[in-house]
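Architecture and fold: a report
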Amino acid sequence: LFCGGLEDFGFNFVKPQGAYYVLMDVSEFGVQDDYAFCEWMTKEVGVATVPGSSFFREDVNNYIRFHFAKKDETLNAALDRLADLRAKAVNWRG
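All of the points below concern the structure found in this document. What you are looking at is a predicted structure, and each value in this text was computed from that prediction instead of being measured.

Within the sequence span of helix H2 (residues 34-45), burial applies to Asp34, Phe37, Cys38, Trp40, Met41 and Val45. The arc that holds the buried residues of H2, viewed along the axis, is 165°, so those residues lie on one side. Those residues of H2 that are exposed and angled more than 90 degrees off the buried face are Glu39 and Lys43. At its buried positions, H2 is contacted by strand E3 (50-51), strand E4 (63-67), helix H3 (72-82) and helix H4 (85-89). Measuring from the side-chain oxygen of the N-cap residue of H2 to the backbone nitrogen of tyrosine 35 gives 3.1 Å; that N-cap residue is aspartate 33.

Turning to the sheet that holds E3, a few remarks are in order. If you walk across this open sheet you meet the four strands as E1-E2-E4-E3, and the pairing is antiparallel. The strands lining the two open edges of the sheet, one partner per strand, are strand E1 (13-14) and E3. Sheet topology note: the E3/E4 ladder contains two bridges and is antiparallel. Looking at E4, one finds that valine 50 is bridged to arginine 65. Strands in contact with H2 are E3 and E4; relative to E4, the strand with the most contacts, it is inclined by about 45°.

Calculation rules
- Residues numbered from 1 in each chain as written.
- Predicted model: local features only at pLDDT ≥ 70, side-chain atom pairs only at ≥ 80, totals over all residues.
- Heavy atoms only, no water.
- Buried < 20%, exposed > 50% of the residue type's maximum accessible area, 1.4 Å probe, protein only.
- Helix = DSSP H or I, 4+ residues; strand = E, 2+ residues; numbered from the N terminus.
- Arc of directions from axis to C-beta.
- Contact = heavy atoms within 4.5 Å.
- Polar contact = N/O pair within 3.5 Å; in protein donor to acceptor, adjacent residues only side chain to side chain.
- Pairing = 2+ DSSP bridges.
- Axes fitted to C-alpha atoms, helices over the stretch in contact; angles between N-to-C directions.

In structure tokens:
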């Protein structure tokens, strides 16, 4: 459900192979600080994410992690909010 929505929006992400989370590449938004972008998303988009850099030893700062072991209505609400992420990200100042 969630990955299908991300695909429909044309977002670049790593398709999980049995995991309950997905890493989405946010470099299209000019993100160089995934922590700041996650905070911005929570406040401005209403979807909480975890900085992908939390899971890498390397200096990787262009991924955010979504946890999708949620009820369908929660996932659909998140997708509704993510539908206009590109329009909202125009105001992103990372």
